[in-house]
Amino acid sequence: MDSSFTVLEQLADLDPARVANLPQSTPITIRSVAIFSRSESETLIYVGTGGGKLILLSVNLSLPDSVQFVQLISISSRLIEVILVLPEIERVLVLSDGFLYLIDWQLSLPVKKLGFLKEVTAIARRFHSESANISSEIRENGNSSSEITEESAEPSSSDTHCISSSFAIAVMGKKLVVIEMILSDNNVNVHLKEMPAFDGIKAVGWVNESILIGNSNGYFLVSSETGKSNDIFTLPESSRNPKLKPLSKGEEVLLLVDNLGVVIDPQGQPKGGSLVFKCMPDAVCQLGSYLVVSGDRKLEIYRRNGECVQSVDVGKFGSSGLILGGDETGKGEMVAVATTSKVICYRKASVDEQIKALLKKSRYREAISLSVSLELDGEITKRTLSFVHAQVGFLLFFDLRFEEAVDHFLLSEEMDPSEVFPFIMQENRWSRLVSPNRYWALHPPPAPLEEVIDAALARIQNMVFLKRAGLDANLDEGFLLNLPSRADLLELAIRNIIRYLVASRNKELSPEVKEGVDTLLMYLYRALDLVPEMENLASSDNNCVVEELEVLLNNSGHLRTLAFLYGSKGMDSKSVSIWRHLARNYAATLRRETADHGTSNERKAAEEASKILQFSSDEDLVLEHLTWISDIDEDLAVTILISEKRTKHLSPENVLEAIDSRKVAIRQSYLQWLIEDQECDDPQYHTLYALSLARSALEEVAMGSDGTERTERSNGSLSEDCIDEVANDRYSVRERLQLFLQASDLYNPEELLEVVNDSELWLEKAILYRKMGQENIVLQILALKLEDSEAAEQYCAEIGRDDAYIQLLDLYLDPQNGREPMFTAAVRLLHNHGESLDPLQVLEKLSPEMPLQLAADTILRMLRARVHHHRQGQIVHSMSRAINLDAKLTRMEERSRHVQLNDESMCDSCHARLGTKLFVMYPDNSVVCYRCYRNQGESPSTNGQFVKKNVSFRPGWLVTR
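Basis of the calculations
- Residues numbered from 1 in each chain as written.
- Predicted model: local features only at pLDDT ≥ 70, side-chain atom pairs only at ≥ 80, totals over all residues.
- Heavy atoms only, no water.
- Helix = DSSP H or I, 4+ residues; strand = E, 2+ residues; numbered from the N terminus.
- Buried < 20%, exposed > 50% of the residue type's maximum accessible area, 1.4 Å probe, protein only.
- Contact = heavy atoms within 4.5 Å.
- Areas by Shrake-Rupley, 256 points an atom, 1.4 Å probe, with all protein chains shown as cover.
- Salt bridge = Lys/Arg side-chain N within 4 Å of Asp/Glu carboxyl O.
- Pairing = 2+ DSSP bridges.
- Axes fitted to C-alpha atoms, helices over the stretch in contact; angles between N-to-C directions.
- Phe/Tyr/Trp six-rings, centres within 6.5 Å; stacked < 30°, edge-to-face > 60°.
- Parallel < 35°, antiparallel > 145°, perpendicular 65-115°, else oblique.
- Nonpolar A, V, L, I, M, F, W, Y, C, P; charged D, E, K, R; others polar.
- Patch = residues over 30% accessible without salt bridge, like charges linked within 9 Å, V, L, I, M, F, W, Y side chains within 5 Å.
- Lys, Arg positive; Asp, Glu negative; His and termini not counted.
- Charge placed at Lys NZ, Arg CZ, Asp CG, Glu CD.
- Left-handed = near helix turned anticlockwise from the far one by under 90°.

Colleague: Sorry if this is basic, but what is going on with the overall build of the protein chain here?
Modeller: When helices and strands are counted, the protein chain shows 33 helices and 32 strands. In the protein chain, buried positions account for 46% of the 961 residues. For the protein chain, the share of sequence-separated contacts (at least 6 apart) that also reach a separation of at least 24 residues comes to 53%. When the accessible surface of the protein chain is totalled, it reaches about 50,100 Å², and 47% of it is carbon and sulfur.

What follows is the structure, encoded as structure tokens:
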């Protein structure tokens, strides 16, 4: 037996004559064989002889040497050419001496001869592909139709108890006869339909609605519905023996041309590639996903891609031609090949054994290719294919082909990541998760990588020694020539296991396996010192077990990774402590080396700590680490204090107490956030914020960097850096102070005045005195100190009293302290607001020294306006009196209005006579009785008017609508 791996295993070698207890005086010659798989364990073998006998044998595939004789009957006196098993109707159709015979498949009932069919040369059963929708009714389309049963050849009535049916095609000279056999009440009704065909038909097959025939000229396709024929292709002159075989349960048909097999679909179109056989096939049958070909005293087994995977020599059983039989239904696991006197039964080896045979020879690609083909053909499940990928991966892994091994691991959906844990660490907390004895014992048990590599290298050395000694050693010379060093192999193995574990993180795993994956992945990262990968894993959402890693990372100096890991697990205190330690080390390094990278690393440590503290509601932890972070970056400290990410805000009192008194900017930013964003209304914090801004403003003024100077600088020539600085600092401290003093009413102005009273912060003082209600002092500051006339007048408008303008005018005209009168400002005041002032008071305030030409026009306009206002008031007063008089007159007229009633007067609502009844008159002169008025309530009058809603308006002599 020559094979790349075993597909067929010999099951039995039997002599039908001896099994049937036939005497030696009556030898038999085997001419045909058919197989039918009745169940998973039982297979029936039909053997046809040259003398017309039909022998039935039964084989139990699960037991060795379990061939049993069932029945022997005589069909005719001539040889049996073809045996067709029809499982749909539980019958067997036999061709012998040109006639067809119908027998039950147990050969227990009498043989029925279909006498109306004569000179039949070939028959074939109909195959239904799963993708086709075939009608089972063909009787009405035939040129002729007849019907017989097993009991009578007379035409019978239409079957009303049809259980199932089967179809066959018979060749009679130049005609094709379609045979429909219907099983009803254990009787078989037969219907026929004839169609014209060709002469010399040697091969026939029927799939769906397509009848395929072959003669010496070529292959043709005939429609079973219409009878029309089409050429498929023509045979060469050298080939005059056509053969065809339906495959894949009717999905495909194999057409033979010498040793070439052409695969077509039921419509006659080429499908897939052609198959080239090593010998001239005598017969072909399908066994699962393989093709079994008999010829040249041997059996050859081919895969559908044309590869011959096994060759079985059967010449020892006889020198005559071979007769091949297989299960036509495609479900069988057995084939039978017969010589003239013997039948040799072969069964398909189990799929596992086929794959294992390839794996044992290190033919991994072929094993995978076979498994994929079997999975596509439905012979194995996806789970089995996944298992094979994992098995191949382990074999490759122990062959030091780590990259290929992990590729197969990744293709295995069933493989659990815990199965690679022993390669990383032999004894660990996840050892119990590894399933023992899960594979085919083709590879050693998993061991640490160093042991795997050492064992493989030792094995390679032994194989090299055997090869040099002339012995056969399964050695990959290409791999041996490029064999890396032990260190390189170890690194390659670690990198590929890392690749597998990273991919496994996206799978649905149990919590324990997730912990093992992430923890051991960190081990491997540390082994190769892959710092960025370690930090990314530690800082992301991970399932690492801290207890397994903290000592390892601490001893190896990977403190950043440990800090990230603590942070991801909610161990904020430990994480921030490490960041503080790192920041101090970076600062020390900076002082020694004076390099910029020290500052960068120090800030990065502070940033990472701040990310944790922004979420932390542990007040003690936040305030403990606030100082060292503020020393590095005050903005980060502010961000921590005002973070909205924490669930519970920090206590303002404790925060302010913890802030270093020298960190003024932090204190101000926190107070500003507390007041503006948190809408805090505690006067204490408003006062603290204002005092802090005031002190900073005093320092700013003392340093000459107040808002005025900034404006002057902006008007001058500035460098680009200075322009950026001004743009970033939107408001100066003084501007912020002024805005806050105006916006807030909760601070204590007296405390602020004690700070700024001796300074030049006049506008701030004005705001504070305004809050205290000191109007005279505010006007003095605005008018005399700041000389802001517009602001002074606006403040007077806010006061809302005319005497405020008079007071401001007095300040302009008599500024005191040796200052000259501010005549221009006084004239502006009179021009803007003089019309509303008392002229007498204004004249009294005017200074004798004021030039008359400055105030003449203004005083004249003020007097004219005064007279105009007086006369306008008189007019309004007179008009009001006239309107009042008119209203009184109209009211008197309404009250004196009367209506005259007589005996015929009726209610405008109910039309009843009023007589002496009490009545009501509406303003529209409609009259109703009192009862209707009470019933209607606030309803409209008889004219539809609502008295209360639509007020009646009567124009008078002065006012009209």
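Colleague: Just to check I follow, could you spell out the pattern of salt bridges for this structure?
Modeller: Oppositely charged side chains can form a pair if their charged atoms are brought close together. In the structure shown here, the tally under the stated rule is 36 salt bridges. When the shortest N-O distance is used, the salt bridge between arginine 304 and glutamate 252 registers 2.2 Å. Of this pair, arginine 304 sits in the loop between β26 (298-303) and β27 (308-313) while glutamate 252 sits in strand β21 (residues 252-257), and the two are 52 residues apart along the sequence. Judged by relative accessible area, arginine 304 falls into the partly exposed class, the value being 28%. By sharing partners, the salt bridges in this structure join Glu252, Lys271 and Arg304 into a single network.

Colleague: Teacher, can you tell me more about the sheet that holds strand β23 (residues 275-276) here?
Modeller: Across a sheet, strands are paired by hydrogen bonds formed along the backbone, either parallel or antiparallel in direction. Strand order across the open sheet formed by four strands is β20-β21-β22-β23, with antiparallel pairing between neighbours. The sheet is open, and its two borders are formed by β20 (243-247) and β23, each paired with just one other strand. As paired strands, β21 and strand β22 (residues 260-264) are joined by five bridges and run antiparallel to one another. By the bridge assignment for β22, valine 253 is matched with isoleucine 264.

Colleague: Sorry if this is basic, but what is going on with the sheet that holds strand β4 (residues 42-49) here?
Modeller: Pairing is antiparallel in the open sheet, where four strands are placed in the order β3-β4-β5-β6. Because the sheet does not close on itself, it has two edges, and the strands there are β3 (30-37) and β6 (67-74). Between one strand axis and the next, the sheet turns by 20° as a mean value, whatever way the strands run. As judged from the seven bridges shared by β3 and β4, these two strands associate in the antiparallel manner. Residue pairing across strands places isoleucine 30 opposite threonine 49, the latter belonging to β4.

Colleague: What is the right way to read the side chain of serine 504 from this model?
Modeller: Mapped onto the secondary structure, serine 504 falls in helix α9 (residues 486-504). Each residue touching serine 504, except ones within four places of it in the same chain, is listed here: Pro417 and Leu509.

Colleague: Any chance you could explain the packing of aromatic side chains here in plain terms?
Modeller: Centre distance and the angle of the planes are the two values used to describe a pair of aromatic rings. Taken as a whole, this structure holds 22 aromatic pairs when the rule is applied. Considering the side-chain rings of tyrosine 670 and tryptophan 673, the 5.7 Å spacing of their centres and the 35° angle between planes classify their relative orientation as tilted. One end of the pair, tyrosine 670, and the other, tryptophan 673, are both in helix α20 (residues 664-677), three residues apart, so they sit about a helical turn from each other. Residue classification places tyrosine 670 among the buried residues on the basis of a relative accessible area of 1%. You can call tryptophan 673 buried: its relative accessible area is 7%. The interplanar angle of 80° and the centroid separation of 4.8 Å between the aromatic rings of tyrosine 689 and phenylalanine 740 together place this pair among those described as edge-to-face. Here tyrosine 689 is found in helix α21 (residues 683-702), whereas its partner phenylalanine 740 is found in helix α24 (residues 733-743), with 51 residues between them in sequence. The exposure class of tyrosine 689 is buried, given its relative accessible area of 3%. An aromatic cluster of at least three residues, connected via ring pairs, comprises Phe387, Phe394, Phe397, Phe398, Phe402, Phe409, Phe423, Tyr439, Trp440 and Tyr500.

Colleague: What am I meant to see in the packing of helix α3 (residues 364-376) against helix α4 (residues 382-398) here?
Modeller: When two helices pack together, you describe them by how their axes are tilted relative to each other and by the distance separating the axes. It is at 9 Å that the axes of α3 and α4 come closest, and there the two elements cross at 175°. Taken as axis vectors, α3 and α4 run roughly antiparallel relative to one another. Of the residues in α4, those in contact with Tyr364, Ile368, Ser371, Val372 and Glu375 of α3 are Lys382, Leu385, Val388, His389, Val392, Leu395 and Leu396. When its residues are assigned to classes, the contact of α3 with α4 shows eight nonpolar, two polar and two charged.

Colleague: For this particular structure, what's the right way to read the environment of proline 445?
Modeller: With respect to the element layout, proline 445 can be found in the loop between α6 (421-424) and α7 (449-468). Since its relative accessible area comes to 64%, proline 445 is described here as exposed.

Colleague: Explanation requested: a negative patch on the surface in the structure shown.
Modeller: Together, Glu644, Glu676, Asp677 and Glu679 make up a negatively charged patch on the protein surface. Structurally, glutamate 676 is set in helix α20. Assessed through its relative accessible area of 48%, glutamate 676 is described here as partly exposed.

Colleague: How should the packing of helix α2 (residues 351-360) against α3 be read in this particular structure?
Modeller: Where α2 meets α3, the axes come as close as 7 Å, and the angle between the chain directions of the two elements is 160°. Looking at the two axes, α2 sits roughly antiparallel to α3. In terms of crossing hand, the pair formed by α2 and α3 is right-handed. Facing α2, whose interface residues are Val351, Gln354, Ile355, Leu358 and Leu359, α3 presents Tyr364, Glu366, Ala367, Leu370, Ser371 and Leu374. Looking at the contact of α2 with α3 residue by residue, the classes come out as eight nonpolar, two polar and one charged.

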